[in-house]
Structures are given as structure tokens and as C-alpha cells.
Amino acid sequence: MQRLIPVLNSDHVPLHLISVINTLLTAAKEISHRLHQGSLAGTLGSTLDANIQGEVQKKLDVVSNQLIKNMLLETQLVHAVASEEEDEVVMGNPDAKYLVAYDPLDGSSNIDINGSVGTIFSILEKPDHPAEGTELFLQTGDEQIAAGYILYGPSTLLVMTTGNGVRVFTLDHTVGEFLLTVDTVTIPQETQEFAINMSNQRHWTTPMQKYIDDLLRGTEGPRAKNFNMRWNAAMVSDVHRVLTRSGIFTYPADLRNPDKPCKLRLMYEANPMSFLMEQAGGRATTGYERIMSIQPEHIHQRVSVIMGSRKEVDTCLTYFKKYPCNRPDAK
Ligand code: F6P
Ligand code: MN
């Protein structure tokens, strides 16, 4: 089985970018180890006990953030990082060109129940025009040069793209290396499986209500087939299932709170996952526009997400064309 670095070399990925990715993976191995140890390493629960110095230890999502941030900045190859756990962009080497946006521990409510969680990353380059801080990151998803996630499940997997298809690597704990296990991920175009938090049903906008209604009607409805539903409540593991065996994953905008109609973040959740989806032959949209075409306005901006098997996402989009949206700011 091939190791990660020779695979990236043979893809002509620049050496410095390989180093940045490899550094992310060094942090991921440490996170994987701590998750694997669970209560033995004191990682479960929403806060940890005080350590021997009497200091309050941090939750694993905070620890993961610091591990990734510090390791990336130490390489001197990273110009700035943006993290779900940091209000502001953190600056690194002024002469370096890489920008890394990441969600250190996605789905972290699953830690307490020994469920799957993940780390999501999106790598950009410093723009050509003069920019500072947050402005650096305000690039569309199309500008990503690499993206992926590490899924901490029964196995620890790296799923990534550098714009040349999607590959899966599995962490071999005995040698501490990610080894290539799937060379080309291709999402089946059609599916009979969907992923959505059904408890929000009454809050969805009309197009999503109508679309899911028709899925639930199964063979007796207009879709004339039965659909299965799965929801792990961790985007990484829900998206991984879709990439692996087909499906449609959505966290749509809803009407609960007009100030916060969407849940998932564009820069370090939706964009990297959309890059993977498209590279694997799938689609990723808000219902109104392609996710990777969105011009971001803020690093923590949220977005409506519909992604997965191409034909199923296209069918979902017909509902957004057919039914007017009852959310005033819909786009
Ligand atoms: O990061 C946000 C997130 O945890 C995703 O990983 C996941 O898809 C979603 O929120 C789960 O949301 P809910 O709690 O509504 O099921
Ligand atoms: Mn997340």
C-alpha cells in the first residue's frame, strides 16, 4: 500500500504544500490517539478534571484546535489560519503563502457517546491583491488548492483532494502512517438514502418541506421508490457515508431564527466538503447557488448545504425552482 507523501509527490503537489498537509496529519494522529484512549486519557465529558498543577484542562475540541494551530504555525509555511475555535484569523509567517481554514473537531457532541468525529480542512493561497487578516480568507471555494477531512471512527481515515480526484488513506496505527486505501472515490449518481435532522422539519422552508415529504412517501409518492434515512450528527461521518455509498446530505436554512437561518460554516465545513463532493462527481449547492461559487463575506459565515449524489441533488433543486421560498433573505 502506498504512503501519503509518495502519492502526493506523484500528483506533483508542491513540496511545501505536502509539508503543510503532513503537519495537519501529525496533529490528527495525536487527536486520534487521544480519542482512542477516551476516558483513559481523560478526553470524555464536556470538561476535563483539573490537572496535577490544579489547572482546568481544556475540552478536546479546544485542545485539537491548539494542536493544529501551533503545529501549522511552527512550520513557517503558513501565512494565517482560521479556525472554528478562533474568533479572528491567527497570523503566521508574513512571507509564507498558505492559508488554512479548519474545523478542529467536527461533531464534537459525539465525543461523549464514543461516536465518530472529524477534522475538516481547507487550504488556500494568499491572494495576489493586498489583503490582511480576515480579508485573506475571503475567497470562493473554487480557490481551494487542497481540502479534506480526517474521520476518527473505528478506523482513522484521511479523505482528501488536491483537485485531482478524491483519495482515501487509512491510518495504520502500527507504523503511524496514512496508507492509500481508495485511489478514486466516485459517488454513485443516484441514491435511496438521505441525511437530514428530521427534528427540524417544521422549521424548514417550503422547498425542503416538499422535497422531504416526497421522499417519505416512498413507492406511493412521486419518486416511486423507498428512501432510507441516516443522521450521525457529525458532518464528517454523514458526508463520508454519502461519499462511500451514495446519498444526499443536507442542513438547510430554516425559519427558526431569522438572524441565524443556517447552521454549517462556509469556509471550513461547506467549502471543503463541496470540493470533495464535486471532485467525486457529486454536487453541492445551497438550493439557489453552487456553494463553491459563493463570495464569502466573513470567515465564520454560515450557509445552507445540500450535497451528494448528482441526480438526487438535481431532483432536490427542482423543488427550489418550483416552490417560492418563504425566507425573505433566501439566496
Ligand atoms: O459542526 C456542526 C455540526 O456538528 C455538524 O457536524 C453536524 O452535521 C451538525 O452540526 C449536527 O447538527 P444537529 O445537532 O442539528 O444534528
Ligand atoms: Mn463542525
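Residues numbered from 1 in each chain as written. Chains lettered and ligands numbered in written order. Predicted model: local features only at pLDDT ≥ 70, side-chain atom pairs only at ≥ 80, totals over all residues. Heavy atoms only, no water.

*Asks:* Is there a simple way to explain the overall build of the protein chain in this structure?
*Replies:* Counting its secondary structure elements, the protein chain contains 8 helices and 15 strands. For 331 residues, the compact-globule estimate of 2.2 N^0.38 gives 20 Å, and the C-alpha radius of gyration of the protein chain, at 20 Å, lies within 12% of that figure. Viewed in the frame of its principal axes, the protein chain has a C-alpha envelope of about 60 × 50 × 45 Å. The 331 residues of the protein chain split such that 53% are buried. Long-range pairs, those at least 24 residues apart, make up 63% of the contacts in the protein chain between residues at least 6 apart in sequence. Counting every atom, the protein chain has about 14800 Å² of accessible surface; 47% of that belongs to carbon and sulfur. (Helix = DSSP H or I, 4+ residues; strand = E, 2+ residues; numbered from the N terminus. Rg over C-alpha atoms; globule rule 2.2 N^0.38 Å. Buried < 20%, exposed > 50% of the residue type's maximum accessible area, 1.4 Å probe, protein only. Contact = heavy atoms within 4.5 Å. Areas by Shrake-Rupley, 256 points an atom, 1.4 Å probe, with all protein chains shown as cover.)

*Asks:* Looking at this structure, I do not really get the confidence of the model for the protein chain. What am I missing?
*Replies:* Detail in the predicted coordinates should be disregarded across regions flagged by low pLDDT. Of all residues in the protein chain, 94% attain a pLDDT of 70 or more, and the chain-wide mean is 94. Looking at the elements of the protein chain, mean pLDDT is at its lowest for helix α3 (residues 60-74), recorded as 95, and at its highest for helix α7 (residues 266-279), recorded as 99. Predicted confidence for residues 48-53 stays below pLDDT 50, and this span has 11 contacts to residues more than four positions away or in other chains. (pLDDT = per-residue confidence, 0-100.)

*Asks:* How do you make sense of the environment of S309 when you look at a structure like this?
*Replies:* Note that S309 resides in the loop between β15 (305-308) and α8 (310-322). It is 8.3 Å that separates the C-alpha atoms of S309 and L243, two residues lying 66 residues apart in sequence. Setting aside its immediate chain neighbours within four residues, S309 contacts I187, P188, Q189, E190, T191, S246 and G247.

*Asks:* Quick question: what am I supposed to make of the site of ligand 1 here?
*Replies:* If you check the shell around ligand 1, you find D106, G107, N197, W231, A233, A234, M235, F249, Y251, K263, L264 and E269 and nothing else. Separating an oxygen atom of ligand 1 from a side-chain N or O atom of W231 is a distance of 2.9 Å. Here ligand 1, which alone exposes 400 Å², has 80% of that area covered by the protein. Of the residues belonging to the shell around ligand 1, the class tally is 7 nonpolar, 2 polar and 3 charged. (Near = heavy atom within 4 Å. Polar contact = N/O pair within 3.5 Å; in protein donor to acceptor, adjacent residues only side chain to side chain. Nonpolar A, V, L, I, M, F, W, Y, C, P; charged D, E, K, R; others polar.)

*Asks:* Looking at this structure, I do not really get the coordination of the manganese ion (ligand 2). What am I missing?
*Replies:* Ideal donor angles around a metal are set by the shape: a four-donor tetrahedron calls for 109.5 degrees, a six-donor octahedron for 90 or 180 degrees. For the manganese ion (ligand 2), the protein coordination sphere consists of D103 (OD), D106 (OD) and E269 (OE), at 1.9 to 2.2 Å. Positions of the donor residues of the manganese ion (ligand 2) along the chain correspond to the pattern D-x2-D-x162-E. The burial state of D103 is the same as that of D106; both residues are buried. (Donors = N, O, S within 2.8 Å, 3.2 Å for Na, K, Ca; no water.)

*Asks:* What exactly am I supposed to notice about the sheet that holds strand β13 (residues 283-285) here?
*Replies:* Whenever strands of a sheet pair, they do so through backbone hydrogen bonds, lying parallel or antiparallel. Taken together, 5 strands build an open sheet; the order of strands is β10-β9-β11-β15-β13 and the sheet is mixed. The outermost strands of the open sheet, each flanked by one partner alone, are β10 (228-229) and β13. Docked against the sheet, helix α5 (residues 206-216) engages β9 (193-195), β11 (248-251) and β15, running at close to 140° with respect to β9. Of the strands in this sheet, β13 and β15 are in contact with α7, which crosses β15 at around 25°. (Pairing = 2+ DSSP bridges. Axes fitted to C-alpha atoms, helices over the stretch in contact; angles between N-to-C directions.)

*Asks:* Explanation requested: the nonpolar core in the structure shown.
*Replies:* Soluble globular proteins tend to bury their nonpolar side chains together. I21, V100, I123 and L158 are the most contacted members of the largest nonpolar core, which totals 40 residues. Broken down by element, this core gets its largest block of residues, 10 residues, from helix α2 (residues 15-37). Residues contacting V100, with those up to four places away along its chain left out, are V20, L24, L72, V78, A80, V81, A82, S122, I123 and F137. (Core = buried A, V, L, I, M, F, W, Y, C linked by side-chain atoms within 4.5 Å.)

*Asks:* Honestly, the packing of helix α6 (residues 235-245) against α7 in this entry has me stumped. Any pointers?
*Replies:* Angle between the axes and distance between the axes are the two parameters that describe a pair of packed helices. Contact pair α6 / α7: the axes reach a minimum separation of 11 Å and the direction vectors enclose 15°. With respect to their mutual orientation, α6 and α7 come out roughly parallel. The two elements α6 and α7 meet at a crossing, and its hand is right-handed. Of the residues in α7, those in contact with M235, V236, V239, V242 and L243 of α6 are E269, A270, M273, L276 and M277. Here the residues of the contact of α6 with α7 sort into 9 nonpolar, no polar and 1 charged. (Parallel < 35°, antiparallel > 145°, perpendicular 65-115°, else oblique. Left-handed = near helix turned anticlockwise from the far one by under 90°.)

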